[in-house]
Amino acid sequence: MLQWHLLKVNSYGDSLLLPIYDIVEPVIAALQTSKQVLLHAPTGAGKSTGLPLAILHQAPLAGRIIMLEPRRIAARSVAERLAEQLGEAVGLTVGYRMRSETKVSASTRLEVVTEGVLARMLQQDPELSEVSLVILDEFHERSLQADLALALLLDVQEGLRDDLRILVMSATLDNQRLSALLLDAPVIVSEGRSYPVVRSYQPLPSHQPFEQAVASAVLRLLQQEAGSLLLFLPGVGEIQRVFSQLEGKVSDETLLCPLYGALSLSDQRKAIAPAPTGMRKVVLATNIAETSLTIEGIRLVVDSGLERTSRFEPKSGLTRLMTQRISQASMVQRAGRAGRLEAGVCWHLFGQEQAERAAEHSEPEILHADLSSLLLSLLQWGCRDSSRLHWLDNPPPPALAVAESLLVRLGALDSHQRLTARGWQMAESGSEPRLAAILCAGKERAGKERGAGKERAALVTAAKLVAILEEPPRRGQPDIMHWMSLNPRHWQQRANQLVRNLGNNVVGNNVVGNNVVGNNVIGNNAEHIDLDIVPELLVQGFPDRIAKNRDNLGRFQLANGLGVALEREEPLSGESWLVIPSLQQFNTPDARVSLACPLDIEQTLRQSPLLFTEQTAVEWDDNKGSLRAWKRLQCGRLVVKAQPLAKPSESELQEALLNWVRQEGLSALNWSQDALQLRIRLQRATEWLPEEAWPAVDDQSLLDSLEQWLLPVLGGIGDLKGLRQIELSSCLLGLLNWQQRQILDNELPTNYTVPTGSRITVRYFNDKPPVLSVRMQEMYGEQQNPVLAKGRIPLVIELLSPAHRPLQITQDLAAFWRGAYREVQKEMKGRYPKHLWPDDPANTAPTRRVKKQM
């Protein structure tokens, strides 16, 4: 029986024993004695399609098995393959759950789920009461949700279920780091079943466009080798352009099949299925084809070496799409797809040196992702401090702070970082926080409406809007109102599911009727869509993306201060206000608008007054050369209305002057030489005298503390002329207590008294030691360089001629007297005969006089 369900029968009828068979018994034995088990099984071993069935039939597990797959397309494919081996339909012994589709039944014992689904299962039933084993497949991808799932599962094991088992498996497992986290977990290694793959490096010619060069490489390999080909490209745009390059150039016996996550199910199946007899195919795929997914008949791989990844930037609050080089682990994975069924060939379209310089593993998503969903999940879990959980990589604090700020704006958190009633509903919805806020706003709007039609319209509109934003159109016009009137099948199905969820979990019984939660909530027309409430719903999910027109040329500014742009010819570019839910951040000053909606700012003010603040500001008017006072209504950084005020008070004038300094920078003030030297002395004191808590005086710190050091001297100053007459050294001294002033003057003095009694200025620098410039005659008799900062820093001596010209710079005065001084003496005796040039300067009394006066 065991051997039967470990056999993989491919489309050609060949039965091949999977290598995973050799380690089934060790895995089952390890699961009986250890809470966590690590499995390293290379591509082709059968870890996804063989091992789960073996464990299901052989291991003494009373409950279900949950297997996590990182992508929907892989989850569906793996579940179908597992069910096929049992001779059953999906949904019986083997089923799957994903965001928009579920096939399980009461008899299901093995569920393949996507990452978000596992997190929701844990939130709804923290004990996973009917589950015995959770398998985390392809863990090397280190997705955000996989890291969260592992952290929550370890927490469950620690506090609720010491009998729950976790099996972490991957083809390129980072065992060293995982073993450090899971100290008692045994590591089991399986040999992969792969045929020889001839890997070669074929750098693309620099003079050809990327897509054209890639297509040429594909055509060359198809001419040289038999079999179907898998081409890895970074994204959908590149897939479509290379497809166009290949179309009409491949033979009639060659099928071209794109493969990426947003494709329809039928197109995905076409790419995965074996080519018809007598034909071969070229599959143009993103990195979703690297793991888990078995594409029949592939023996050729062309690897562009690129992948598209998203990187969240906490400062801007935007996610930037980046095309980057893949890791060495991904190169191995991609090449391995060519050797699944027979000997294969892989062409890497880059140089071998480039491959050797690549990172060993891909960077974990948790380090560069928007963490608002993760933070919402943690708070729903009851964890207000992420450090309480066990992570492979801790969530970065700056990204967590930005996530917290967003959740507050969305109404999910109160000022004490606790979930509000809306926050709980958002967490339970399973949607990304911004979209969950839209769904909650739709529910709240439905609760305010009277009449079943309006209530239904509010729910359906919110659901349809979220369905579009989850899988937005890849091109076409950016006006979201246009897309709201269309009903592609995938949006319709997802919207129906969301409305059912809203009906079951969020909305009261008065709204949930057969017409709302039935299978045909959204028909082929828009009778239930209320376009009037779309802007209101979008504002609830994207309050920071309200945008004001800057120039009627397509350039807008967001409420958070960022600039965005539309094409000038777009009708939306002439709108005064927009709300922009979808942006693309490229290497340009302004992000590009993908989807937007016109906004009536007056209506938004009435509907969401908390988004607006009234401020009185006094500012310097460059045109009039004077200060002016304004009363402004603002949405974030956007001015909605402005009204001039009468003469401002002294406190308002002072605040205006501080704001002007913040805007213009510290360089706008009058920095005397004394003030500049004092700043440098304080900065070097922080470095050389660290035992004392010196104030920070870098630009940003001083701008952040203007009220502390500049405001006290602004009394009576009402214009920029007066501001620029302030002596800043006295202001900076105000940052020091009496003891710090004494230490600074003693250890880093402004002047040094040389042996003749002259007080010479010490010059301080940010990037080199302090310098004392003094005439050579006044340093006779000195054996060593003077020292500062409690003897830690020697002064650099710049020895001058009688005419104050530099003669020598030294950090070792004794060595200079013994050595280079002889050359200086010879030259200077003739040039300055009236001055003293002794043969033994180290033991000669210093002087400020000429020989005659001596």
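Rules and cut-offs
- Residues numbered from 1 in each chain as written.
- Predicted model: local features only at pLDDT ≥ 70, side-chain atom pairs only at ≥ 80, totals over all residues.
- Heavy atoms only, no water.
- Buried < 20%, exposed > 50% of the residue type's maximum accessible area, 1.4 Å probe, protein only.
- Helix = DSSP H or I, 4+ residues; strand = E, 2+ residues; numbered from the N terminus.
- Contact = heavy atoms within 4.5 Å.
- Salt bridge = Lys/Arg side-chain N within 4 Å of Asp/Glu carboxyl O.
- Core = buried A, V, L, I, M, F, W, Y, C linked by side-chain atoms within 4.5 Å.
- Domains from an automatic or database assignment.
- Pairing = 2+ DSSP bridges.
- Axes fitted to C-alpha atoms, helices over the stretch in contact; angles between N-to-C directions.
- Phe/Tyr/Trp six-rings, centres within 6.5 Å; stacked < 30°, edge-to-face > 60°.

In the nomenclature of an unreviewed UniProt entry, the protein chain corresponds to ATP-dependent RNA helicase HrpA from the organism Xenorhabdus beddingii.

Colleague: It is not clear to me how helix α11 (residues 328–336) should be interpreted in this structure. Could you clarify?
Modeller: Along an α-helix, residues three or four positions apart point the same way, because every turn accommodates 3.6 residues. Burial analysis of α11 places seven of its nine residues in the buried class, which makes it a mostly covered element. Restricting attention to buried positions, one finds in α11 the residues Ala329, Ser330, Met331, Gln333, Arg334, Ala335 and Gly336. The inward-facing, buried residues of α11 abut β11 (197–201), β12 (228–232), β15 (298–303), β16 (306–313), β18 (344–348) and α12 (352–357).

Colleague: I tried to follow the pattern of salt bridges on my own but got confused; where do I start?
Modeller: Side-chain pairs of opposite charge can arise whenever the charged atoms involved come near each other. This model, assessed by the stated rule, comprises 39 salt bridges. Between Arg241 and Glu211 there is a salt bridge; the shortest N-O distance is 2.8 Å. One end of the pair, Arg241, is in helix α9 (residues 236–246); the other, Glu211, is in helix α8 (residues 210–224), and 30 residues separate them in sequence. Glu211 gets classed as buried once you look at its relative accessible area, which sits at 15%. Through salt bridges that share partners, Arg550, Asp551, Arg555 and Asp590 make up one connected network.

Colleague: Any chance you could explain the nonpolar core here in plain terms?
Modeller: Nonpolar side chains tend to gather and get buried jointly when the protein is soluble and globular. Ranked by size, the top nonpolar core spans 60 residues in total, and within it Trp709, Leu710 and Leu723 carry the most contacts. Examining the composition of this core, we find that six residues originate from one element, helix α24 (residues 673–688), more than from any other. The residues that make up this core include at least three from each of domain 3 (668–746) and domain 4 (749–831). The residues contacting Leu710, other than those within four sequence positions of it, are Leu658, Val661, Leu669, Ile726, Leu728 and Cys731. Grouped together as the second largest cluster of nonpolar side chains are 56 residues, Val156, Leu164, Leu178 and Ala437 included.

Colleague: When you look at the sheet that holds strand β28 (residues 759–763) in this model, what are you seeing that I'm missing?
Modeller: What links the strands of a sheet is backbone hydrogen bonding, and the strands pair in either a parallel or an antiparallel sense. Spatially, β27-β28-β29-β32-β33 is the arrangement adopted by the five strands of the open sheet, whose pairing is mixed. Of all the strands in the sheet, the pair left with one neighbour each is β27 (751–753) and β33 (806–810). Each strand of the sheet is rotated relative to its neighbour by a mean of 30°, with strand direction disregarded. Relative to β28, β27 runs antiparallel, the two sharing three bridges. When the sheet's bridge partners are listed, Thr753 is paired in β28 with Arg759.

Colleague: Before we go on, may I ask you to explain the side chain of Ser132 in this structure?
Modeller: Summarising the element assignment, Ser132 is placed in strand β8 (residues 131–136). Since its relative accessible area comes to 12%, Ser132 is described here as buried. When near neighbours in sequence (up to four residues on either side) are disregarded, Ser132 contacts Leu61, Ala62, Gly63, Arg64, Arg161, Asp163, Leu164 and Arg165.

Colleague: Would you mind showing me how to read the packing of aromatic side chains here?
Modeller: The way to describe two aromatic rings as a pair is by their centre distance and the angle between their planes. Under the defined criterion, the tally for this structure stands at six aromatic pairs. Ring plane angle 90° and centroid distance 6.1 Å describe the contact between Trp483 and Trp491, whose orientation is recorded as edge-to-face. Look at Trp483 and you get buried, because its relative accessible area is 11%. Judged by relative accessible area, Trp491 falls into the buried class, the value being 3%. Note on Phe816 and Trp817: the rings are 5.4 Å apart at their centroids and 45° apart in plane angle, and the pair reads as tilted.

Colleague: I would appreciate a short explanation of the sheet that holds strand β4 (residues 64–69) in the present structure.
Modeller: As summarised here, the arrangement of the eight strands in space is β6-β5-β7-β4-β8-β9-β3-β10, forming an open sheet in which the pairing is mixed. For this open sheet the edge positions go to β6 (101–103) and β10 (187–189), each flanked by a neighbour on one side alone. The mean angle between the axes of side-by-side strands here comes to 20°, regardless of whether they run parallel or antiparallel. Summarising the sheet, β4 and β8 pair through five bridges and their orientation is parallel.

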